Amino acid sequence: MEPSLLERYRSDRRKLLNFLLSSGLIKQVRTPSGCSTSTPYLDLDALSSDYVLDCIKSGGVLDIFEASRKYHEESFYPVMIHSQSRNVYFLLSDCNSSGPPPQRAPPPRYWTSNHTSCSSSQQNPLINENTGDEYVTKGARRPVKHLKPVETAMLSSFGLPFLNSGLSDDDLRESAYEILIASMAFAGVEVYFLEDRKKEKGSRILSRLKSKKDKGYSQSQLGERHEQLIDTIRIQMQISKAMDTCIRKSSMQFFTRTYEQIDIHQVLLGLLNGVLKYDFLNENSYMRWKRRQATVLEELLCSSADLSTTDLLTLKNLLSKIKHGKEWESMSHYDRSEAILSIGKIASKMSSRVGAQGGNIFQTEGYHVKLRLYERLLFAVFDILEEGKLIAEAEEILLLIKLTWSTLGITQKMHNALYGWVLFQQFLGTDDPTLLEFAILQVQKALAVQMNDEKEDSYISSLLCSCICGDKESHLGLLEAIFFSISIWCDSKLQDYHLHFSQNPSSFKKVVTLALAVETPSIEGCSLEVSNCNYLNKFAKQKLKTYVQGSVKAAYKRVAYTIDVKPMTERTNPLVLLANELKLMVEKELAVFCPVLHDWFPAAGIISASMLHQLYGERLKPFLKGVSCLSEDVRSVLSAADMLETYLTQLYTSSCKENRLIQPFIPDIDLYQIGEISRPIILDWVIAQHEHILDWTGRAFELEDWEPLSLQQKQAASVVEVFRIINETVDQFFRLDLPMHITHLQALLSVIFHSLDTYLLKVVNLLVDKHHLFPSIPPLTRYEETAIPIIKKKLVENPVLDEFTQNKLKDLSISKLCVILNTLQYIQKQLDLLEDGIGKSWSLVKRHPSWTEEEPPRTLETAQALWDESAELFVATFNSIRDCTGDAIRKFSDFTGLRVVFWDLRDSFLLCLYRGGVEGARLDSVLPHVDSVLNHVCGLVDDALRDIVVLSVCRGFLEGYIWVLLNGGPSRAFSESDVVSMEDDLNMFQDFFVADGEGLPRSLVHQEAKLAQQILSLFSLQTETIIRMLMFAGENISTTSESRTHRPDCLEDSHTLIRILCHKKDSEASKFLKRHYQLPSSSEYEDATTQESILGSPFISDLLKRSAKFHWTEKGHSSFRLIKKKFQKATHGIRE
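As a starting point, this report considers the structure included with it. (Residues numbered from 1 in each chain as written. Predicted model: local features only at pLDDT ≥ 70, side-chain atom pairs only at ≥ 80, totals over all residues. Heavy atoms only, no water.)

1. Structural notes on the overall build of the protein chain
Then, in step 1: The helix and strand tally for the protein chain stands at 44 helices and nine strands.
Then, in step 2: Within the protein chain, the fraction of its 1136 residues that count as buried is 49%.
Then, in step 3: Put simply, 79% of the contacts in the protein chain that link residues at least 6 apart link residues at least 24 apart.
Then, in step 4: For the protein chain, the exposed area adds up to about 56,100 Å²; of that, 52% sits on carbon and sulfur atoms. (Helix = DSSP H or I, 4+ residues; strand = E, 2+ residues; numbered from the N terminus. Buried < 20%, exposed > 50% of the residue type's maximum accessible area, 1.4 Å probe, protein only. Contact = heavy atoms within 4.5 Å. Areas by Shrake-Rupley, 256 points an atom, 1.4 Å probe, with all protein chains shown as cover.)

Now the structure itself:
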């Protein structure tokens, strides 16, 4: 319940009880002095309302003792709902979030004193005791502390002497208002106004509570402003209008400068003498007011040690008469005045003056009452409608309250301390950081006030308060007691600031500032002194060190306990949970706590990091001793521990670098050595993954049917699966989240290389030797036309290829070849992505900074060397795979071009072009077939491969064209007039592949067609010229002439020139070949292609080898005749 609501509740409760007692429902009242039918003055706050209602129901007999006992008994139990079952009650905590019952013994309960000696001021409500056994982690509710009545926190709780007379909070509040009005009247402030003016202004009182006007007032407006402020104070202090009018009127009559200095007893006695019974609405109100005045006087005067026994008895007798209304009312006015005068004389005799300052004389009698009264006045500056909010007129009200200083014995230093204490209490009730800032400001003002008068210093020091320090009770001066009480609360919060300020970090710096401002170092039994907030002594540093150590230890125990009592159903290792929670603590340290503590205690971060590292290491090291393989549990623990150590390292090093701390602050830290422990088990894991990837790659390749995945994804499924398993391995490798070494990267890259290299080898092994695609070169013949029918010889048939080669050629269809090319291109693309991904991940791999402030001088050089080494590994691995892939792409593209021409288009191109004559079998009849094949190929291959594959097809067609020109066989012979048409066909062929700029570059096509153009140019030469060239080339015949290639190695070698003569439709060339080489005529063979070339015969090969010895010059005709004979001998078997 909030303080203002509590006050309203108590006020309504008193009104209810007052109505019940005065309504005649109570027939008899039993008091310790006897029975009575009338209702005497009773302390309504100490009566049980339930008991009173039960008494009315049962017959109207009220036992005051039993009502008081019931009241105190009920205060020890929670609020109940009056249900028939009697089992419904309110809880102070949320039972749903409390969790299972604790598995530990409850902490012992400590009692400070018995009930009779324990008052609202004895037990400090600011002390929050943490037993160390209550642990709270992230997401859990804070344990609910034992709740005390809210008003306890709002009363003096800094060790003032007890109130022995039973004064309640309402009594103090009402008496404080009376002192304020009397002091204002004594200072000459008009406090009583005409009734018509009050009525005129009364309707606007509540609205003026929120007035924000802050401007000066003229002399004519000053009285009206005072009236407004007094009305505001009355409402703030909850004083009735009737009582207010009575107090103001009496104050104006009796306290207008009639005394040199006005004291409290003078104010109270003056009111007793001036206020009459008829000023109250009913007799009970008057009796309560009169008894309160007597009780305050009793508390002020009867506790003095300087009072003689006679005076004490006299004083008690007179005050007893005032309390009991019948005897006092039966006295005459003169006797009452004499009694009041006697009390005043006794009070004046016991005055103990300590010193004076500025004309004010301070008295120490009843200081515990005066300070409580002043505290109640200070509470008037807080809005009763909005908890903890200062009203707009606070500064003006404080100026009026200052008028009570001489009456209550307050100095500027005392005011600052007490006002800071009140602001601090309001902060406790509202958690408003603005109030805490105001409290700190007042405390700093109190510390900044210079004590120029030793007597005033002695006076403040004589206002003793009792404080418990450890197991001992010490008596402190007022300021020391206030600061000590604040310090106790600050200690209770800062000893576990992780608990109290994690959710409200904005108040942490303010609380630390306040704690240092009120720091009271205790040496040998709590000998206390106030520290200057601007000078942080050695003890304060030690205090902050204690805060850090205590809070870190408490937070760790709380987290560890929460994890230990968790059910074991969770699969996560407790060490992982603990490391994660501690990491959150370190983050909070870095972001919130250390930047604040850095201003006063730079070593806070180092101590926090060292303690957390040591505490977690005590649990971690037994686990590390049993690590042998990289299981999921081991990986998670090592990763979490390493991450925690990284955060702790950051906290440690940042504190060292920012503050340049000296060596004594740097403790010896035993690192966890996660990198050394994880290095061998990571290598074992990579090796195991290598075997797994190879098995998976082989299985995927065996299942591959070389069909594209989709229209968009034209690669094979196996390569996608291979890269999937590689990427998963890479992801798992870096998700290990463990310290890595260059050897780990080397092992990973080795796995990738061998996996892809194995796959590439399997793909390349699908190829067949391209020579199996070429048709056999037909025998060399000379052109001859004959009209005489003869029996023609059949060409020797090709030897049949083995079944394995035939199956491989059959499987390597154009569609399959295109999918393989797309697959190889996919590897090239994925290699770039894989290299970038591994490079980025490796650049983010963990590097542990040093725990010492100084870095070794070779750190930068070592880092550069490590980077260069890793870069070399990347280059060596991925470039090697790229080279292998690029070589495979070249092989398959070349094979694709040759297969299109020499296998798929053999009948329509090789066997038809220029067969039987150029004019009847031109290239334009073949180009539609070529265009159809190209469209088919371009639709299958990836766009990045289109030009490469088209170029390979272009080269294949040029190869086939040259084959037709040189190895066309007996069915092909070209005249000089045919060369023009053939050149047109070659140009048409080039234009076809250029495709008006949309195909291959024209320069590239021209370059590829250069050899075919040169061969055509030889056909256009005269036969004599070709023969002379052949005779000259005989001197330079290569020893490699046994090669069965269909493509000439040299344009002017003997092989090319002989084939040109064989395919030249010229009688002179035919005669030359018949005369010199005895070659058969083309008419002797059937019009079909052959499988074997005459040059493929071992005889011809041998002949050509030996012919390299001869010099084909004009002067060496004998040598030419020798070669001719060898040719005739070599071809004799063929002719037969």
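2. Regarding the pattern of salt bridges
Should their charged atoms come close, side chains of opposite charge can pair.
Then, in step 1: Within the structure shown, the criterion is met by 30 salt bridges.
Then, in step 2: Notably, a salt bridge pairs Asp832 with Arg882, separated by 3.0 Å at the nearest N-O pair. In this pair, Asp832 sits in helix α32 (residues 814-843) while Arg882 sits in helix α33 (residues 859-904), placing the two residues 50 residues apart along the sequence.
Then, in step 3: The exposure class assigned to Asp832 is partly exposed, which follows from its relative accessible area of 38%.
Then, in step 4: One salt bridge in this structure joins Arg882 and Glu835, with 2.3 Å as the shortest N-O distance. Of this pair, Arg882 sits in helix α33 while Glu835 sits in helix α32; the two residues are 47 residues apart in sequence, bridging distant segments of the chain.
Then, in step 5: Residues joined in a network through salt bridges with shared partners are Arg14, Asp170 and Arg173. (Salt bridge = Lys/Arg side-chain N within 4 Å of Asp/Glu carboxyl O.)

3. As for the nonpolar core
Then, in step 1: Among the nonpolar cores identified, the biggest contains 294 residues, and Tyr616, Ile752, Ile838, Phe957 and Phe993 are the most heavily contacted of them.
Then, in step 2: With residues up to four places along the chain from it excluded, the contact list for Ile752 reads Ile726, Val730, Leu834, Ile838 and Ile881.
Then, in step 3: Formed by 13 residues, the second largest nonpolar core is a distinct cluster that contains Leu20, Ile26, Leu47 and Cys55. (Core = buried A, V, L, I, M, F, W, Y, C linked by side-chain atoms within 4.5 Å.)

4. Concerning the packing of aromatic side chains
Then, in step 1: Considering all chains together, one arrives at 28 aromatic pairs under this definition.
Then, in step 2: Where Tyr286 meets Trp289, the ring centres are 6.3 Å apart and the plane angle is 25°; that geometry is what we call stacked. Note that Tyr286 and Trp289 are positioned in helix α11 (residues 283-301) at a spacing of three residues, about one turn of the helix.
Then, in step 3: Take Trp289: its relative accessible area is 2%, and that puts it in the buried class. (Phe/Tyr/Trp six-rings, centres within 6.5 Å; stacked < 30°, edge-to-face > 60°.)

5. Things to note about the pairing of strand β6 (residues 465-469)
Then, in step 1: The alternating pattern of β6 places Cys465, Cys467 and Cys469 on a buried face and Ser466 and Ile468 on a face that is not buried.
Then, in step 2: In this structure, β6 lies alongside strand β7 (residues 472-476), joined through five bridges in antiparallel fashion. Following the sheet pairing, Ile468 is matched in β7 by Glu473. (Pairing = 2+ DSSP bridges.)

6. A short note on the packing of α32 against helix α35 (residues 927-940)
If you want to describe how two helices pack, look at the angle between their axes and the distance between the axes.
Then, in step 1: It is at 9 Å that the axes of α32 and α35 come closest, and there the two elements cross at 35°. For the pair α32 and α35, the crossing hand works out as right-handed. From α32, Ile814, Ser815, Cys818 and Asn822 reach across to α35, where they touch His936, Val937 and Leu940.
Then, in step 2: Here the residues of the contact of α32 with α35 are counted per class, giving four nonpolar, three polar and no charged. (Axes fitted to C-alpha atoms, helices over the stretch in contact; angles between N-to-C directions. Left-handed = near helix turned anticlockwise from the far one by under 90°. Nonpolar A, V, L, I, M, F, W, Y, C, P; charged D, E, K, R; others polar.)

7. A closer look at the environment of Asp947
Then, in step 1: Tracing the chain through its elements places Asp947 in helix α36 (residues 946-967).
Then, in step 2: In this structure Asp947 comes out as partly exposed when scored by relative accessible area, which is 38%.
Then, in step 3: Of the polar contacts made by the side chain of Asp947, one reaches the side chain of Arg946; its length is 3.4 Å. (Polar contact = N/O pair within 3.5 Å; in protein donor to acceptor, adjacent residues only side chain to side chain.)

8. Focus: helix α39 (residues 1010-1019)
Then, in step 1: Of all the residues in α39, the buried ones are Leu1011, Ala1012, Ile1015, Leu1016, Leu1018 and Phe1019. Buried residues of α39, seen end-on, are gathered within an arc of 155° and therefore sit on one face of the element.
Then, in step 2: Residues of α39 that are buried sit in contact with α36, α37 (976-994), α38 (1002-1008), α40 (1023-1033) and α41 (1054-1062). (Arc of directions from axis to C-beta.)

9. Remarks on the packing of helix α10 (residues 264-274) against α11
Then, in step 1: One way to put it is that α10 packs onto α11 with a least axis distance of 10 Å and a crossing angle of 155°. In terms of orientation, α10 and α11 fall into the roughly antiparallel class. The element α10 and its partner α11 pack so that their crossing is left-handed. Listed contacts from α11 to Ile264, His265, Leu268, Leu269, Leu271 and Leu272 of α10 are Trp289, Lys290, Gln293, Val296, Leu297 and Leu300. (Parallel < 35°, antiparallel > 145°, perpendicular 65-115°, else oblique.)

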